[in-house]
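# Structural features, examined
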There are 2 protein chains.
Amino acid sequence: MSSFDEELAKLKTYISQMGGVVEAQLVDAVGAVHRRDDEKGQRVRASDDRVDEYEAEVELFTHRLLALRQPVATDLRCVLAALKIAADLERVGDYAANIAKRASALSNLADVAPTGGIVRMGQLTQALIKDVLDAYCDGNADLAQTAWKKDEEIDEIYTSLFREYLTYMMEDPRNITPCTHLLFVAKNLERVGDHATNIAETVYFMETGERLVGERPKGDDSSFAVVVPPSAS
Amino acid sequence: MSSFDEELAKLKTYISQMGGVVEAQLVDAVGAVHRRDDEKGQRVRASDDRVDEYEAEVELFTHRLLALRQPVATDLRCVLAALKIAADLERVGDYAANIAKRASALSNLADVAPTGGIVRMGQLTQALIKDVLDAYCDGNADLAQTAWKKDEEIDEIYTSLFREYLTYMMEDPRNITPCTHLLFVAKNLERVGDHATNIAETVYFMETGERLVGERPKGDDSSFAVVVPPSAS
């Protein structure tokens, strides 16, 4: 194996490790919300620095690769893909940390609303992150394309949770603070799905040199949603 | 001027133009929310494709520059900075489009809550985007560092709006849907501030080769916020 190939492999390993940390953060953050577990939430927030360090590491490494090796064609696409994916993973880590903060707020509040939908969204986003990272590591454009279309289900759950939590809020003002935090948790997970989609696009371009085009199925209509309290309808 | 310098200048022009479009989107989206103006909201959403095209253009241009020119040192940092900044601006465009969607939802709802704080947040984030883009165009690391610290005020307004809107929601269930949309508008603007901060960091690194370090002042505590309805306290 040439030294440049070794360095590319090392870059892939960095991204895989970073992805592993982010995946674990996501699972733990959602678990902390589900169980209103402040301590677990704090641990997730503490691990955010590690993700930031990974991103800085990947940036440094890719800058050095570009300067010293001056790759072209496929090699250049691989290096730039790593840079983009690291930025997406860093944002996912931020969202996990924000979810974890809300777990802390929720641990001080009455346990008023079910979080089954959030757990389901968490599982789907984590599976999506795993799929796109597998696609990246295996250089599998087909897997990237399949994953790209999966974001729709996450969007649909989000839209339905939006309506559900608003209804809880209308039933009792004491539900407003906890349900607002849960709404933001769901929104964060929806954004994680968007970043997974970005990664799928990056992998597809890395492998094929073509952009993933066509309308991606989207299921998030929550920004347009109008929910009316029972008494007003 | 050498041809490579011309190409770098062209890259800066792309980013400036893209920044200009995004700035205008942001102003219009916030204006649409303030005036519950569905038509204006629709125009902002329609312009999101232009921002995506700019990002694709910048990516294509930088890939070509890297492959054909194989820049090193400062030139390499300039090219990679453009790539990062375009990605941040694209996200800002997404947030503006999301704000515009909520303007459409709000146009169908009673005008229950003041949006002065949102307008103020919009002005501050727009000014911040302008500052970091000026810093980028002029290669001004000091301006980038000053802008980097300004995000705090945006965060503080956001935290205070979070409490304010939750209080409105507790007063009357009919306020819940509009105030939830306004909360998400404020959250989107807070994220725009984060992306402006990212751009400041990118510009600083581009100019100095050093990372902006030290604790950045942060004023957003809303993720921990617990607001209790008057009747329950």
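Provided above is the structure to which this section pertains.
My aim in this report is to walk through the structure given alongside it, one point at a time. (Residues numbered from 1 in each chain as written. Chains lettered and ligands numbered in written order. Predicted model: local features only at pLDDT ≥ 70, side-chain atom pairs only at ≥ 80, totals over all residues. Heavy atoms only, no water.)

Applying the stated criterion across every chain, the model contains two cavities of 30 Å³ or more. Of the pockets and cavities examined, the largest cavity occupies roughly 70 Å³. Considering the residues around the largest cavity, the lining is formed by Y95, F184, K187, N188 and R191 of chain A together with Y95, F184, K187, N188 and R191 of chain B. Of all the secondary structure elements, the ones that give two or more residues to the lining of the largest cavity are α8 (176-208) of chain A together with α8 (176-208) of chain B. Split by residue class, the lining of the largest cavity holds four nonpolar, two polar and four charged. There is about 30 Å³ of room inside the second largest cavity. (1 Å grid on protein atoms, 1.4 Å probe; cavity = no way out; pocket = protein on both sides within 12 Å on 5 of 7 lines; lining within 4 Å. Points joined across faces, edges and corners; volume = space filled by probe spheres on them. Helix = DSSP H or I, 4+ residues; strand = E, 2+ residues; numbered from the N terminus. Nonpolar A, V, L, I, M, F, W, Y, C, P; charged D, E, K, R; others polar.)

Note: most peptide bonds trans; most residues except glycine with negative phi. A positive phi angle, close to 50°, is found at A73 of chain A, a residue other than glycine. The residue A73 of chain A is located in helix α4 (residues 73-107) in this model.

This paragraph deals with the relation of the copies chain B and chain A. Of the two same-sequence chains, chain B is brought onto chain A (RMSD 0.0 Å, axial shift 0.0 Å) by a rotation of 180°. Overall, the copies show the geometry of a two-fold rotation axis. By C-alpha distance to the rotation axis, the residue of chain B lying nearest is Q70 of chain B, at 2.8 Å. With an isologous cut-off of 70% or more, the 100% of interface residues of chain B that recur at the interface of chain A puts this contact in the isologous class. (Least-squares fit on C-alpha atoms with pLDDT ≥ 70 in both. Contact = heavy atoms within 4.5 Å.)

Counted under the stated rule, the structure contains nine aromatic pairs over all chains. Pairing Y165 of chain B with Y168 of chain B gives two aromatic rings, centres 6.4 Å apart and planes at 40°, and the pair type is tilted. Here Y168 of chain B and Y165 of chain B lie together in helix α7 (residues 151-171), a separation of three residues that amounts to about one turn. Since its relative accessible area comes to 0%, Y165 of chain B is described here as buried. Among the aromatic side chains, those forming a connected cluster through ring pairs are Y158, F162 and F184 of chain A together with Y158, F162 and F184 of chain B. Positioned above the aromatic ring of Y136 of chain A, the side-chain terminus of K12 of chain A is 5.2 Å from the ring centre. (Phe/Tyr/Trp six-rings, centres within 6.5 Å; stacked < 30°, edge-to-face > 60°. Buried < 20%, exposed > 50% of the residue type's maximum accessible area, 1.4 Å probe, protein only. Lys NZ or Arg CZ within 6 Å of the ring centre and 35° of its normal.)

Contacts between chain B and chain A engage 52 residues on the former and 52 residues on the latter. Taking both partners together, chain B and chain A bury about 4,500 Å²; carbon and sulfur atoms supply 62% of that area. It is F184, S223 and F224 of chain B that lose the most area in chain B upon contact with chain A, and together they represent 13% of the buried surface on that side. The tally of links from chain B across to chain A stands at four salt bridges. For E59 of chain B, the salt bridge identified is with R211 of chain A, shortest N-O distance 3.4 Å. Here chain B is connected to chain A by 14 residue pairs in polar contact (both at pLDDT 80 or more). Mapped onto the side of chain B that touches chain A, the elements with two or more residues apiece are α3 (48-69), α4 (73-107), α7 and α8 of chain B. Among the residues forming the side of chain B that touches chain A, the class breakdown is 27 nonpolar, 13 polar and 12 charged. (Buried area = accessible area lost by both parts, 1.4 Å probe. Salt bridge = Lys/Arg side-chain N within 4 Å of Asp/Glu carboxyl O. Polar contact = N/O pair within 3.5 Å; in protein donor to acceptor, adjacent residues only side chain to side chain.)

In short, shape yes, function no, at least from these values alone.
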